Every structure is written in C-alpha cells, then in structure tokens.
Amino acid sequence: MAEPEDNTLLSGASHEAPEFYQKPLRNMRGLLIYAVVFVLAVAAYINTIPNGFTFDDHPIVENNPRIQQLHDLRPIFLTSYWDSPNTGAEYRPLTLFSYALNYAANQMLFGQQHGSNPNSFHLVNVLLHALCCLAAMWFIVLLFKNRALAFFTGLLFALHPIHTEAVASVVGRAEILAALGVFLALGASVKMRMTTGKPAVAWSVVLCVALAFGIFSKENAITALGVFLLQWPLWWSRHEQSAPDAWKRTFIALSLILLVSAAYLLVRAQVLGGVTRSANANVIAENNIAYDAPVAVRVATALRTQGEYLWTLLYPKTLIADYTYNAYPLSHSFAEPAVRHSLIALGLLMILMVVGLSLHSAAGFAAGFYLLTMSVTSNIPFPIGTIKAERLVYLPSFGFCLLAGWLFARLWSWRKHIVWRSLIAILFTALCVAYFVRTWNRNLVWRSDLSLFRETVAAVPNNVKAHLNLATALSESGNDDAALEQNKLALKISPENNFALSNCAIINQRKATALEKNAEEMQRHGNMPAAQSLLKQAATYHQQTREYFERAIRLEPPFPPAYANYGAYLCMRGEYDRGLQLLEKAREIAPSNLDYPRIQLQFMEKLIEEFWLGATGPQREERLQKCVALAREYLSINPNNLPVRSRLGTALFELGDFAAAVQELAPLYAAQGAKTDANTLKVLGGALYHVQQYDKAAEVLSTALKKNPNDQEAATGLALVRKAQGR
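Residues numbered from 1 in each chain as written. Predicted model: local features only at pLDDT ≥ 70, side-chain atom pairs only at ≥ 80, totals over all residues. Heavy atoms only, no water.

Model confidence for the protein is summarised by a mean pLDDT of 86, while 89% of its residues fall at 70 or above. Of the regions scoring below 50 in pLDDT, residues 1–26 engages in 52 contacts with residues more than four places distant in sequence or in other chains. Predicted confidence is poor over residues 593–601, with pLDDT under 50, and the contacts of this stretch with residues over four places away or in other chains come to 16 contacts. (pLDDT = per-residue confidence, 0-100. Contact = heavy atoms within 4.5 Å.)

Structure follows, in structure tokens:
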C-alpha cells in the first residue's frame, strides 16, 4: 500500500495505519526491512568474534568465579556487580547471569576447560545488538506507524561507530540488555494501550517482564519511566481513539512501570545496603576526576562532556576506550567555550523536544529520548563512577539515530521524484558505508589488550591507566623492557601511583633473576668475568627493585599487593624477618577483602610457604606454629587445596603432633592413593609409625619408595616399621 504524500518536514505521521502495519508478518516488505537491518548489524560486528577478552572483561567475565557455575545463583543475585564494597556499587544480576549461561554453554559445547572461550561471548553480544536494533524498529513502527522511519533509524543504530565499546567489549553487554529491555517494554506499553481483554493483559505481562529484564541488567533502564511519559503528547494525536478505555490502560501501564522500578530499587537496597552507595574513594578518584569536585566544577565538566558526546555522534572519528586520570581535564567555569557550546546544543535539543512534541513529531520525541536516557549517567544531577565512556551513550544514541532517521524519512517522503529520492538514497547509503567502515576498523582495536591500549595511549598520552594496562599487556607478551618504559611514563604523570611503582619493582626483580640465572650458566662454563659482570648488573636491578617497593609501601592508603610482593621478594632473598612482617601486614590491610579471594589466598599461600622456608634456627618452632595456624585458616576458606593440606600435615609432624598429622594427611592418601606425592607419603608413613599404626605405615612407606626408590629417609622409616612389626 502506498504511503500518503507528505510535503512537510515537521509533521507527524498519518493517523490511519496502512495495511502493512495491520498485518506486518504477512507482508514480505515488512520482513525484509527487519532482515536487512539484522544482517547488517551482524555484519558490522562479525569481526569482533575472534577478539579476546579486554579491559574489564578480565575481572567481570574471564576470572569471575561467580559465573563459572549455575548450581548456586546466590553469588550472582545477592552481590554487587563487582562483588565488593571496594570496587563498585552497581547491581546487575541478569547481566552476570547471562555470562553464567554463556560459560555453561561453552562447557557443554566445547568441553569443561573452555568455559571462558571469548569467541562465544562476543558472538552473543553481536546477536543481542542485532536483536536490540529490531526491538527499536518494532517500537518505532508501533508508535509512529512509519516504515521508512523505522528502517532509517534501525540501520543507523545498527551501524553507528559509537556502539563499538558496548558491542566489542563483552562487559558492554549490560548496555545492550538494558536497551533491549527498554525497547521491548515501550513497545509492549503501546500494544497494551491499543488492545483490550486478554491481549491487553498479556501485553501488560510482557511490559513488566521486559522492563524488569532491562533494569536488572543495568540500572539506567529505569529511565523508561520518563520515556513512557514522553509519549503522552503523541498519544493525544495518534492513539486516543485506538481502543476503548485506552487512557485507563495507559495509567495501568504507568503503574506497572512504577511498580517494577520500585521493586528493583527495593531489591537493590537489600543487596547493596542502600539505594545509592558510593564505591571506593580511590577507585572513584581514578575513574571520575570530577566526583569530589565542587558542584559547579562537576556540572560544568559534565556539560562539556555532553557536548563531546553529541559531537562524537555527529562525527565519530575519535573513539577512546578510557577517559580516566589524567586524560580528562576539569572545566572550572561555565564561560569556557566548550561548556558554552554544550549549553547551546543541549538548549537546542530542549527546544526541539518542546516544539516537536507540541507538533506531535518524532523529532521532539527523539530529542526528549536522548535527554532523558542520558540524564542518569551525565554526572549533572549526581556524580557517578565514570566521568565519560562511549558505552554510556548506547541507549541514548537511539534518540540521535531516531532524529537522523526522522530527517531522512521526511526528506524521502517530501518529494516522490526519482531524482530526489535517488539523491537521498545515495546520501543515506554513503553515511551507512562510512559508519560501517569506521565500526569495522574500530572493532579491530578491541582485538586484545595490547592493541586496545596502544591505541588509547596514542590517543590520550596522559592517561595513567592506559599506560599501566599497556604495560601489563606488554609484560604478558614477554616484552619487559617496553612494559617498564610504560610504567615509568605512568609515574611521570602520577609519581605516587602504587600500581606503577609495584610493577616497576616486579619487572626489575624479573630482570635481576634472569641475569642471575645467566650468571650461573656462565660460571658452569668457567666464564667468571662474564658471570661477575652479569651479577653486577643483577645487583643494580635488585637495588632498583627495593627502591620501587619502598616507595610503594610508604604511600597512603596502603596497597596490599605491594606489601605482599615485597615480602615474598625479601623472603626469596633470605631476609625472612622483614619479609614475613610485610606479608603479615598485607593480610592485616585486607583481612576480609573477599573481592579478591584469589589474592587473599595467594597471600596466605605465600605466608605458609615462607613460614615453612623460614622455619630454621631458634625461631623454628614459632614459625612452624604460625604455618599450622595459617594453613588451617586457609583450608577453612579453600578446603580443596591439596598442597596446603600437605604442608599443614608436614608442619604438624615436625612439631611432633603425629596424630594431627595423620588426621590431615590420611584423607589425601585415601583420595589419591599412589598418586600422592612421595614426600607427603613419607611424612604420613612416619606419623603413622609414631601413632603405632604399623601396618598402614608399612603400606604408605612402601608406596613412597616405589615413587622414589632413592629416598633414604623413607627406606629407614620402613625398616623401623618392619622392626616394630617384629619382622
């Protein structure tokens, strides 16, 4: 059915729904526009599928034990997004649950060892983005009954380069899920108003489920309430007679949205201990330099940021993955040109919203959608944990795309002349191709941490976190020299950065160790001058290691990894007294920091090992007692660590508590049998001998000798057992 001629550029759509919209699933043209957008959305991001995990993907997805099982969902639904009071105050359980499902699917399809395969995580992100585009188009068709508007908007939303962070980064899934929930909820609200009876009830259920899906994926989906209210001027002209009692169902829909939003806030308050909760001050200071700034400074900076977002939407040439310290300057005055320009742009959007809605135009709704959905992450009404991030524009960018789509749709319907429409088609195609190419190329930057942070450092050379993350990526690739240089560049920007100081110390330590190994090789070959030269260089690196560590532990607030790594380093150098003191200090600083369970257990393992290695001389018994106490505490948290249990049994044996040693080591032998390591078997056999369990002692010691026939202690122990048996 042909669309009516419309020669105005600021008018609403026709009140009468064409046949196409009355029976969309029966019309191939309708299916075609959805198919085209879906395919192009997938095509634009298909090159992200081979990407690895990057940036925040590591703690949230790759190394997150909460998503690695589905039998107990409490760690997902009863904790914050970051699972720590120190590093976050977000509550996004459905996003985490989606990762858990992804992980389980990986294990089912590719094996238990491949749960963290990043490729399927990226594939799901791509498909979710494509579905989000279709949901946005469906909502436009329902609200505006304009096929051209839906197509233009959906395609621009599918291809816009500002979405690369949300789609190419696995943790960007929170943005996509929230937007998907919002579009589905808004579409369901329109269907609910336009139907009666059981269909209206069914759509009310869809509304509640979709909105809950969005809000429990990311909190910014709560702005659906404002967008719902924004539609009212459009309903007055379009749908006030669409079905009996439409206004009654409108208020029911509003009540349901309020109810779902309130339920989320209630659950969030129960889990986090409050509706609003600030994250760790140091994390905030790093990620949002304006967080603790005076209100005027924060608002001026946020306004400038809004102008930059709008410019990036218009001209997405420069895209940056991280805007943390010291990459983003504060604005101290509203008179700054960038702030003034932003105020003008936002003012124009507000005027467009008011005028457009008064004329029942999609342009007014588009401007309002952007302003409302951007408000909660803008840092204007209140500060958030991030000063600027392109992923935050994922949902608001729909408003921009709708405005651009409205313009193209109006221009398309303005004249039916073939030359005019060909010109519009060429212009729109050129824009889509430019978007596609920019998106495709930007996706490649997200291939790995190395490529991502090389690009970020080049774009914002004053970004401390970018230098540190690049240093880590370089170090993991074996390039310690380049990693050390990046850490030093970070220290030039932030001389008291704990991470940079600790990293420099660790790299220098590795260099010293490598030189010492080379020196040993030279000594074996009789090249003493070369060995002495290498040892001299190693001594220089050791001195630099100490200097960096000393600077790190003098800083406030204390940085637990610096104490732990320095303590372990000193113990390896034979300086047990101070080394153990530093390791103890590390645990004192973070006694129950369960956000890093692995780090806490690493501290304990280091302490157990160092207490054991340091158990010589007059302090032997005291250190063995500490080893026992710490090993028991460790095993209360992680009872399945067999090396620690073996160490505990051995320490008890050395202290003469043979019964306790048997109690700890016998279960290991029962579980592992002949696979138990020879030293543990020897200690268990000795303990069994002392508690007069001679037959079992003989069995265990015989097994130990089979594994290590040259172990004289085991042979002597077996002889004593045979003698006790009277053989």
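On to the layout of surface pockets, then. The computed volume of the second largest pocket comes to approximately 520 Å³. Lining the second largest pocket are 29 residues; nearest its centre among them are Leu310, Leu313, Leu314, Phe400 and Leu403. For the lining of the second largest pocket, the secondary-structure elements that each account for two or more residues are helix 15 (295–314), helix 16 (337–358), helix 17 (362–375), helix 18 (397–414) and helix 19 (418–445). Here the lining of the second largest pocket takes eight residues from helix 18, the largest share from any one element. Grouping the constituent residues of the lining of the second largest pocket by class yields 22 nonpolar, five polar and two charged. (1 Å grid on protein atoms, 1.4 Å probe; cavity = no way out; pocket = protein on both sides within 12 Å on 5 of 7 lines; lining within 4 Å. Points joined across faces, edges and corners; volume = space filled by probe spheres on them. Helix = DSSP H or I, 4+ residues; strand = E, 2+ residues; numbered from the N terminus. Nonpolar A, V, L, I, M, F, W, Y, C, P; charged D, E, K, R; others polar.)

Glancing now at the packing of aromatic side chains. Inspection of the entire model under this criterion finds 33 aromatic pairs. Measuring from centroid to centroid gives 5.8 Å for Phe144 and Phe365, while their planes differ by 65°, and the two rings are edge-to-face. With Phe144 in helix 6 (residues 118–144) and Phe365 in helix 17, this residue pair connects regions lying 221 residues apart in the sequence. In this structure Phe365 comes out as buried when scored by relative accessible area, which is 0%. Between Phe653 and Phe658 the ring centres are 5.3 Å apart and the planes differ by 65°, which places this aromatic pair in the edge-to-face class. Residue classification places Phe658 among the partly exposed residues on the basis of a relative accessible area of 22%. (Phe/Tyr/Trp six-rings, centres within 6.5 Å; stacked < 30°, edge-to-face > 60°. Buried < 20%, exposed > 50% of the residue type's maximum accessible area, 1.4 Å probe, protein only.)

All right, on to the side chain of Arg249 then. On the secondary structure map, Arg249 appears in helix 13 (residues 246–272). Taking relative accessible area as the criterion, Arg249 reaches 9% and is therefore assigned buried. Among the polar contacts made by the side chain of Arg249, one reaches the main-chain carbonyl oxygen of Met192 at a distance of 3.0 Å. (Polar contact = N/O pair within 3.5 Å; in protein donor to acceptor, adjacent residues only side chain to side chain.)

Attention now moves to the pattern of salt bridges. Tallied over the full model, the rule gives 16 salt bridges. With a closest N to O distance of 2.7 Å, Asp480 and Arg510 form a salt bridge. In this pair, Asp480 sits in helix 22 (residues 480–493) while Arg510 sits in helix 23 (residues 498–524), placing the two residues 30 residues apart along the sequence. Asp480 sits in the buried class, given a relative accessible area of 16%. The partly exposed category is assigned to Arg510, whose relative accessible area is 36%. Asp481 is the salt-bridge partner of Lys511, the closest N and O atoms lying 2.2 Å from each other. (Salt bridge = Lys/Arg side-chain N within 4 Å of Asp/Glu carboxyl O.)

One can find Leu159 in helix 7 (residues 147–159). Residue Leu159 is classed as buried on the basis of its relative accessible area, which comes to 3%. Along the chain, Leu159 and Phe436 lie 277 residues apart, while their C-alpha atoms are 5.6 Å from each other.

With their axes 8 Å apart at the nearest point, helix 29 (residues 642–654) and helix 30 (residues 658–672) run at an angle of 150° to one another. Judged by the twist between their axes, the crossing of helix 29 over helix 30 is left-handed. Between helix 29 and helix 30, the residues in contact are Leu642, Arg645, Ser646, Leu648, Gly649, Thr650, Leu652 and Phe653 and Phe658, Ala660, Ala661, Glu664, Leu665, Leu668 and Gln672, respectively. Each residue belonging to the contact of helix 29 with helix 30 can be placed in one class, and the counts come to nine nonpolar, four polar and two charged. (Axes fitted to C-alpha atoms, helices over the stretch in contact; angles between N-to-C directions. Left-handed = near helix turned anticlockwise from the far one by under 90°.)

The next subject is helix 16. In a regular helix each residue adds 1.5 Å, so 22 residues correspond to 32 Å; helix 16 covers 32 Å between its end C-alpha atoms and thus fits that length. By the burial criterion, the buried members of helix 16 are Val339, Ser342, Leu346, Leu349, Gly356 and Leu357. Buried residues in helix 16, looked at end-on, bunch into an arc of 130°, giving them a common side. Looking at helix 16, the residues exposed on the side facing more than 90 degrees away from the buried face are His341, Ile344, Leu348, Ile351 and Val354. Immediately beyond the C-terminal end of helix 16, within one or two residues, lies His360, with a positive phi of roughly 60°. (Expected span 1.5 Å × (residues − 1). Arc of directions from axis to C-beta.)

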